[in-house]
Amino acid sequence: MYVANKGLGKALALHIGVIAGFFILQFIVPPFHAAMLTRIMVLATYAIGYNILLGYTGLMSLGHAMFFATGLYAAGLSVIYYGLPPLEALPLAILLSAVMSATMGAITLRTSGVFFLIVTMIFSQVFFLTTLYFNMITGGEEGLVLTRYLKPISLGLFSVELTDSVVKYNFALIIFSIAFLFSLWLTRSPVGRVLIAIRENDERAEMLGYNIYKYKLLAFTMSGTISGMAGAAYALVFAYIGSALASILYSINPLLWTLLGGAGTTIGPIIGTGLMIYIIDFTSGITSSYLIVVGITLMLLVLAFPPGIVGAIKRRWIRWLP
Amino acid sequence: MVSGDRISRRKALKAISNVAAAGAIVGAGVVGAIGGFMAGSTTGGAQQTVTETRTREVTKTVTATKTVTAGAPTGGNPIKIGFEVHRTGIGAVYGKWYERTTVAAVNLINEMGGIDGRPIELVIEDDGTDPQRGAQVVEKFALEHKVDFILGALFSNVVLAAAPRAGELKIPYFAVSEGYHVPSGKLNRYSFQPGITDVRSQTQAVAGWIVENLGKKITMVFPDYAFGYDHRDWFGKAARDLGGEILELIPIPPTETTFTKYFPKVPADTEVLYHVMVGPAVLTFVKEMGEFFGSKRPEIFGFIDSLEGVAIDSPGLEFLEGTYFWEAFPRYLDGYDTPYHRFFREKVGVDENGADVNDPKSVATYSHMFSCWETLFIIKETVEQSGYTRRSPEDYRAFIETLENFRWFNEGNQHPQGAKLFNGRLHQGFGQQFISRVENGRLKTVYRTKIEDSVYESDVDYTKQPL
């Protein structure tokens, strides 16, 4: 128990501090940056979900857009076609994402290594093409707008609208906080430690008596569910669903965000997501060749910090970082 | 000053509640449009200077986000227009020409005295043809750059992701697409598409000519996603209403790279093959279509969207000889040779064959890019008629209500593609269309539709939405 609780106070303080920081920032930063932070919190939630699989279990997937999009479409379509209020669409989307990721995990985890990478990518592409094929329902690549279907969120005595920027920000903050604290809990839980053991040496973990397939499936399901929760939040906050958000680009993005920030750290995905979004936004204002600048910047960062920014900080200076 | 009789914002607001006065606003708009043409067409001595300014600005905007055009009037604070452009991503071919057209129009407006005496400051942001980034760019325009209006985008998915955000932030957003998104009622009171017709009206406008001249038995080949479905639904309906018969519908998945297996599905008694393939596979599509049909082919009618930015005489496109295309604006000048059209080409830097004046191999996306030009002049006209002065709910109300009361935008230097009939309830413009035949490796216009051919009835009414 001593080992499990070592550094818990600091880690908890850090995580609560990050959440409090995001909460306070909405009163300090100009409106544009508040909007950027809203976007970053939603997408960082996606990266947190991805990090559970890559960073803590050592499984690299190229198919997570499928889970992000499951949440996105489940929330969006239930709002549009069944008139569900946001707070009912969200748990439904989370549930469907859990079912989807458990099913996909059960199939794809029969492979490993590069085969796992390819199989997850193939299933994700099938999902992407399915959203195109059923475009009479999904809106296909053109997508669907949720704005006029979004009902107010009732909070007892009063209700709030998701079209309001302040509501968007705090809704995103709540979603992000749930995922962020869950990842902290997971990394310090017995299950999380087994996952790390699998990441470090799965054969040894198996020899110790752990059923690594079950643990991987659990990690895969948790990862996909959080990704789906992020997708649902995206649909509800930004009022748009479309096939582009199920494309392979949205499988690559969380990989890049996680690697840049530091896979296997709870804060890394947030730093990576925020940094990438701000680098793209900043450089696109300077040059039309901004993707080259972004690419070079990424290469330099990876060379300087091979384990990612937070990963490097953890190795060199703050070893208690979860 | 371009506008003829200008009405202040307060007068405009008062007039909107009064039918007779609203008519005066529309009348003033027409006068303004005509006056604008007259002003533009009599600046011959200044044209050389304007052209040089444009060239310089094109270079400048490549490396800078903000652009205050040279030669702009010095009086008054600039009117800031955010331009959401597809510089990268799948829409980059269009984006290059959209940007060039927009910069040319902004320079011209500034040379003419700006908008209500105020220069336009164009703020350009690349959306990467990505819906997620598109919505982010709208936020940046509204909250950081604090622009007055937003121009863009082209690709429907970006428009559908971006326009709702503009509505939430209560800033007018002008789509320069051709998608059936604004008039379908999917968007909001702040979204407009006055500068280009939508796909529903395009297909409806050409259906009659096709049925009358090419044949009644039609087979449709279209991409198996929303854009193709718009063609399938709206062209199919229009053709059937006019006595045509759709023999077969052949959807093709967007990932398809070879098309040979689809051509046997074309019924033998097909008189017209209607195709609307887009994307990089279009060259393969044409080549394989030629190999399958040979000389015994039905009449073939396509949409130029497939070949925007592509030279018609490119190797592999020989089979298109003798086939027909819809064009919104003829790529070759002789397809619609008017002084306004010549003026537009000169200012944008497009030669008589629809290519860059400095690089004949760089073919323009000519059937779409005029929408940026015309939309900017509509913004100018509406600002001047409404008395809009600053970003405020009152001024935006005046601007939107004034625009909703416009009925016509006359043909002229501001509207070189032709007059536009504007439906304020739908927030959508309607205009003439062109049908061209491929002859000797170039497009020869054979028919021009009437504006009323493109008009359709709809229950959508954005004016009922609150501001």
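All of these numbers come straight from a predicted model, not from anything done at the bench.

The rules behind each value
Residues numbered from 1 in each chain as written. Chains lettered and ligands numbered in written order. Predicted model: local features only at pLDDT ≥ 70, side-chain atom pairs only at ≥ 80, totals over all residues. Contact = placed C-beta atoms within 7 Å. Helix = DSSP H or I, 4+ residues; strand = E, 2+ residues; numbered from the N terminus. Nonpolar A, V, L, I, M, F, W, Y, C, P; charged D, E, K, R; others polar. Buried ≥ 20, exposed ≤ 12 C-beta atoms within 10 Å, placed from the backbone. Arc of directions from axis to C-beta. Domains from an automatic or database assignment. Pairing = 2+ DSSP bridges. Axes fitted to C-alpha atoms, helices over the stretch in contact; angles between N-to-C directions.

J.: Would you mind showing me how to read the interface of chain A and chain B here?
T.: Size of an interface, as often reported, equals the accessible area lost when the parts are brought together. Listed by partner, the interface residues are 26 residues for chain A and 32 residues for chain B. Looking at the side of chain A that touches chain B, the elements with two or more residues in it are helix H3 (31-57) and helix H6 (113-133) of chain A. Top element by residues in the side of chain A that touches chain B is H3 of chain A. It accounts for four residues. Here the residues of the side of chain A that touches chain B are counted per class, giving twelve nonpolar, eleven polar and three charged.

J.: Just to check I follow, could you spell out helix H10 (residues 339-348) of chain B for this structure?
T.: Residues spaced three or four apart along an α-helix point in a common direction, a consequence of the helix completing one turn every 3.6 residues. Residues and elements named next belong to chain B. Along H10, the positions that sit buried rather than exposed are His341, Phe343, Phe344, Lys347 and Val348. Viewed end-on, H10 has its buried residues packed into an arc of 160 degrees, placing them on one side of the element. Looking one or two residues past H10, glycine 349 carries a phi angle of roughly 90 degrees, positive in sign.

J.: It is not clear to me how the domain arrangement of chain B should be interpreted in this structure. Could you clarify?
T.: Residues and elements named next belong to chain B. Examined at the domain level, chain B breaks down into domain 1 (9-197 + 339-430) and domain 2 (200-327). Tallying the contact residues gives ten residues for domain 1 and ten residues for domain 2. Looking at the side of domain 1 that touches domain 2, its residues break down into five nonpolar, four polar and one charged.

J.: Is there a simple way to think about the sheet that holds strand E9 (residues 272-275) of chain B in this case?
T.: To summarise the sheet geometry, strands pair through backbone hydrogen bonds and adopt either a parallel or an antiparallel arrangement. Residue and element names in this part refer to chain B. Spatially, E8-E7-E9-E10-E11-E17-E18 is the arrangement adopted by the seven strands of the open sheet, whose pairing is mixed. Single-partner strands in this sheet number two, and they are strand E8 (245-252) and strand E18 (442-448). Within this sheet the neighbouring strands show an average axis-to-axis angle of 25 degrees, counted without direction. For strand E7 (residues 217-223) and E9, the ladder comprises four bridges, and the chain directions are parallel. Within the sheet, the bridge partner assigned to valine 221 lies in E9 and is histidine 275.

J.: What is the right way to look at the environment of serine 154 of chain A in this model?
T.: Relative to the helices and strands, serine 154 of chain A is located in strand E2 (residues 153-155). A C-alpha to C-alpha distance of 9.6 Å links serine 154 of chain A and proline 86 of chain A, two positions 68 residues apart in sequence.

J.: Help me understand unusual backbone geometry in this model?
T.: As a rule of thumb, non-glycine residues mostly have phi less than zero, and peptide bonds are mostly trans rather than cis. Residue and element names in this part refer to chain B. With omega at 10 degrees, the peptide bond leading from glycine 152 into alanine 153 counts as cis. Relative to the helices and strands, alanine 153 is located in the loop between strand E4 (149-151) and helix H6 (156-168). Here threonine 129, not a glycine, exhibits a phi torsion of approximately 50 degrees, which is positive. Of note, threonine 129 is situated in the loop between strand E3 (120-126) and helix H5 (131-145). Overall, threonine 129 belongs to the buried group, with 23 C-beta atoms counted inside 10 Å. If you check the backbone angles, histidine 427 has positive phi at about 65 degrees while not being a glycine. Mapped onto the secondary structure, histidine 427 falls in the loop between strand E15 (420-423) and strand E16 (428-430).

J.: Before we go on, may I ask you to explain the pairing of E15 of chain B in this structure?
T.: A regular strand places its side chains so that they alternate between the two faces of the sheet. Residues and elements named next belong to chain B. Pairing analysis gives two bridges linking strand E14 (residues 408-409) to E15, with the strands arranged antiparallel. In the sheet register, phenylalanine 409 faces E15, and the bridge partner there is lysine 420. Turn length for the E15-E16 hairpin, with the two strands adjacent in sequence and antiparallel, is four residues, and the turn residue histidine 427 shows positive phi of about 65 degrees.

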